[in-house]
Amino acid sequence: MQTMAPPQPAVTRRPHLAALGALMGAVTAAVAIGVAHLVAAFVDPETSPLITVGQAAIDLTPAWLKDFAIRTFGANDKRVLLLGIGAVLLVAAVVIGAIAVRRPDIGGIALVTFGLVGMIATLTRPGAGAADVIPTLAGIGAGAGTFVILRRSLLPSGVDAGDGDATHAVDRGAGAIDRRRFFWTAAGGAAVALVAGGAGRIIARRTAADESRAAVRIPAPGSKAVAPSGVDLDANGLSPFFTPNDRFYRVDTALLVPSVMAEDWGLRIHGMVDHEITLDYGQLLDRSLIERDITLACVSNPVGGSYIGNARWIGAPLKPLLEEAGVHQGADQIVTTSVDGFTVGTPTAVAMDGRDAMLAVAMNGEPLPIAHGFPVRMIVPGLYGYVSATKWISDMELTTFAAFDPYWIKRGWAEQAPIKTESRIDTPRSFAHVAAGTVPIAGIAWAQHRGIDRVEVQIDDGPWMQAELSAQDTVDTWRQWVVRWNATSGEHRVRVRATDGDGAVQTAARAEPFPNGATGLHEIVVRVD
Ligand SMILES: Nc1nc2c(c(=O)[nH]1)N[C@H]1C(S)=C(S)[C@@H](COP(=O)(O)O)O[C@H]1N2
Ligand SMILES: [Mo]
């Protein structure tokens, strides 16, 4: 008589158990993050641990890495950072889950550790209060619950979770693990994470600042900007003279755009002054406002890069405010702070030398967009943004350069950062194929507060050809230029250089953006067929 092989026990062997544990870890982390995000949407979107940890990562990022991130990922740098944090968290959760399936104590310790990291990152944000850790605590609680439920669903049938021997039973793989039950439980957890996280995002997006901005009415400026006709050559592929708000570059350290209501806005001017001044939004709008066209540029803009834009701003001029405050002799630095703790240091002498430094409230005919600093930001023509253009401004202190290093200065960027003379070819695009004959080469040139006097273009090693310039609006704006090139077939190198209002020719010497702005000539290659 033939002996029947004993039925294979449906035992999940050790390696499989580790794999199930890895899945358990990933789902646990996802639920923790998702729930924290959802709770944060109600407390304050900026208290989500994903955001506060990301924000801490940004603030701890060395200058070279920030520079690299901006150059490599451009406007997506923050998305890349969040994805990176998510990836690190996922790997950690998978590894810890694989271990914690047998060692729940390790799982517990990991949850508490992540919770502490989240709470420290949250509590060290400027203006943080004890209640801000609620989302992190909720996330950890949800994660712990998920972990317990998932792990229980891994227990072989017949073994009670309350059983002191449960861990041991899982370890031995005694009895059958109902993998189907486990997978369904895990899928349920993943669904909770997705729904909670998604709902959190949607709720957080509708901010109070949007409604406040919609209700704002900017008074007509007492002094209007008037651009001469011919500031815009309107050529195909050329940057328009005014950069539309939705296409204006954005650079800041804020992972979540600060949400400030105009009704709540206030500015205190203090420090080395005779009289402290405090202003609310209504008082700022009641001052005599100016309207000016000013080109803003980022020090991180590489040669040929896109971190520059031109807009028509309305704001209250800074100089009379500082005169009312009575700036002390020797107060050579104006330190401005935004609601999220970012700091900027502007030379007092520059802000008061008669240029149109202002507290801006409008950009291209609308209240400042939220991402560009609503309700109030600073604008100082001629200086890179990191030393002049504080968005979501909330404090202004007159002090000295010796006494305080602002955000980017602490990270090695230059204290003094006037905008360098630069030029860019917008069209044709590099490596474009064009037909032989007349080809317009066009772009922009800028040297804010000195103005642009001349732009020249060179093809291969040929002579420098003078470009036609658009009408100059003011010395604080960029100028467009165009050259009609008689293109002959073959591959050609095209370069551009500008001369500023002081007669200084743009340097060809290459320099990186760090520490005070890139230099070098923008050069493209075109193929003429
Ligand atoms: N609050 C705050 N303001 C800020 C920054 C920032 O990180 N936070 N970045 C500055 C930098 S580096 C630049 S180039 C300009 C960019 O302004 P934009 O985003 O409106 O183009 O804002 C400046 N103001
Ligand atoms: Mo910048």
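Keep in mind it's a predicted model, so treat the numbers as computed, not measured.

About the cut-offs
Residues numbered from 1 in each chain as written. Chains lettered and ligands numbered in written order. Predicted model: local features only at pLDDT ≥ 70, side-chain atom pairs only at ≥ 80, totals over all residues. Heavy atoms only, no water. Helix = DSSP H or I, 4+ residues; strand = E, 2+ residues; numbered from the N terminus. Contact = heavy atoms within 4.5 Å. Areas by Shrake-Rupley, 256 points an atom, 1.4 Å probe, with all protein chains shown as cover. Lys, Arg positive; Asp, Glu negative; His and termini not counted. Charge placed at Lys NZ, Arg CZ, Asp CG, Glu CD. Pairing = 2+ DSSP bridges. Axes fitted to C-alpha atoms, helices over the stretch in contact; angles between N-to-C directions. Near = heavy atom within 4 Å. Polar contact = N/O pair within 3.5 Å; in protein donor to acceptor, adjacent residues only side chain to side chain. Salt bridge = Lys/Arg side-chain N within 4 Å of Asp/Glu carboxyl O. Buried < 20%, exposed > 50% of the residue type's maximum accessible area, 1.4 Å probe, protein only. Domains from an automatic or database assignment. Buried area = accessible area lost by both parts, 1.4 Å probe. Patch = residues over 30% accessible without salt bridge, like charges linked within 9 Å, V, L, I, M, F, W, Y side chains within 5 Å.

This brings us to the overall build of the chain. A count of helical and extended segments in the chain gives 13 helices and 19 strands. Of all intrachain contacts in the chain linking residues separated by at least 6 positions in sequence, the fraction that spans at least 24 positions is 75%. When the accessible surface of the chain is totalled, it reaches about 23700 Å², and 59% of it is carbon and sulfur. One way to put it: in the chain the 45 positive side-chain charges average out to a point 9 Å from where the 52 negative ones average out.

Within a sheet, adjacent strands bond to each other through the backbone by hydrogen bonds, running parallel or antiparallel. On the basis of which strands lie adjacent, the open sheet formed by five strands has the order 2-1-10-5-6 and mixed pairing. Unpaired on one side and paired on the other, strand 2 (277-280) and strand 6 (343-347) mark the two borders of the sheet. If you compare each strand with its neighbour and ignore which way they point, the axes differ by 15 degrees on average. Sheet topology places strand 1 (residues 266-271) next to strand 2; four bridges connect them, and they run antiparallel. Paired with Ile269 across the two strands is Ile277, which belongs to strand 2. Sheet strands in contact with helix 11 (residues 318-325) are strand 1, strand 2, strand 5 (333-338) and strand 10 (393-399), and its direction is about 140 degrees off that of strand 2.

With that settled, the discussion passes to the site of ligand 1. Inspection of the region around ligand 1 gives 19 residues, with Tyr249, Thr253, His372, Arg377 and Lys391 positioned closest. Val251 places a main-chain nitrogen or oxygen 3.1 Å from an oxygen atom of ligand 1. Here an oxygen atom of ligand 1 and a side-chain polar atom of Lys391 are 2.5 Å apart. Isolated, ligand 1 exposes 530 Å² of accessible area, and the fraction of that covered by the protein chains is 100%.

Here we come to the pattern of salt bridges. Using the criterion set out here, one finds 22 salt bridges in the structure. Between Asp59 and Arg125 there is a salt bridge, with its nearest N and O atoms 2.9 Å apart. Residue Asp59 is located in helix 2 (residues 49-60), and its partner Arg125 is located in the loop between helix 5 (104-123) and helix 6 (134-154); the two are separated by 66 residues in the primary sequence. Here Arg125 falls in the buried class, since its relative accessible area comes to 17%. The residue Arg495 makes a salt bridge to Glu523 at a minimum N-O spacing of 3.0 Å. Here Glu523 lies in strand 19 (residues 523-528) and Arg495 lies in strand 18 (residues 490-500), a separation of 28 residues in the sequence. By relative accessible area, Arg495 is classed as partly exposed at 22%. Overlapping salt bridges, with partners in common, bring together Lys78, Arg250, Asp252 and Lys391 in one network.

Glancing now at the domain arrangement of the chain. We note that the domain assignment places domain 1 (14-206), domain 2 (245-410) and domain 3 (422-528) within the chain. Taken over C-alpha atoms, the centre of domain 1 sits 39 Å from the centre of domain 2. For the domain 1 and domain 2 pair, buried surface summed over both sides reaches about 1400 Å², with 62% attributable to carbon and sulfur atoms. For the domain 1 face of the interface with domain 2, the top three residues by lost area are Lys66, Ile70 and Lys78, together amounting to 36%. Here domain 1 is connected to domain 2 by four residue pairs in polar contact (both at pLDDT 80 or more). Here the side of domain 1 that touches domain 2 gets six residues from one element, more than from any other, and that element is helix 2.

A contiguous nonpolar patch, built from Trp64, Leu65, Phe68 and Phe73 and spanning about 420 Å² of accessible area, is present on the exposed surface. With respect to the helices, strands and loops of the structure, Trp64 is situated in helix 3 (residues 63-73). Look at Trp64 and you get exposed, because its relative accessible area is 61%.

In terms of burial, strand 3 (residues 290-297) is largely enclosed, as eight of its eight residues are buried. Alternating positions in strand 3 separate into two faces, Ile290, Arg292, Ile294 and Leu296 on one and Glu291, Asp293, Thr295 and Ala297 on the other, with burial throughout. By the bridge criterion, eight bridges tie strand 3 to strand 4 (residues 308-317) in an arrangement that is antiparallel. Paired with Thr295 across the two strands is Asn310, which belongs to strand 4.

Moving on, we get to the pairing of strand 1. Counted between consecutive antiparallel strands, the loop separating strand 1 from strand 2 contains five residues. Of the pairings in the sheet, the one linking strand 1 to strand 10 comprises four bridges and is parallel in character. In the sheet register, Arg268 faces strand 10, and the bridge partner there is Asp395.

Another point: unusual backbone geometry. Residue Pro428 is reached from Thr427 by a cis peptide bond, and omega for that bond is -5 degrees. When you line up the elements, Pro428 lands in the loop between strand 11 (422-427) and strand 12 (433-434). Phe514 connects to Pro515 through a cis peptide bond whose omega is 5 degrees. Its location among the elements puts Pro515 in the loop between strand 18 and strand 19. One non-glycine residue, Asn364, lies in the positive phi region at around 50 degrees. Among the structural elements, Asn364 can be located in the loop between strand 7 (358-363) and strand 8 (366-367). For Asn364, a relative accessible area of 24% corresponds to the partly exposed category. Even without glycine at this site, Asp460 takes up a positive phi of about 50 degrees.

Attention now moves to the environment of Leu20. Along the chain, Leu20 turns up in helix 1 (residues 14-43). Leu20 sits in the buried class, given a relative accessible area of 7%. The spacing of Leu20 and Gly188 is 168 residues in sequence and 15 Å in space, taken between C-alpha atoms.

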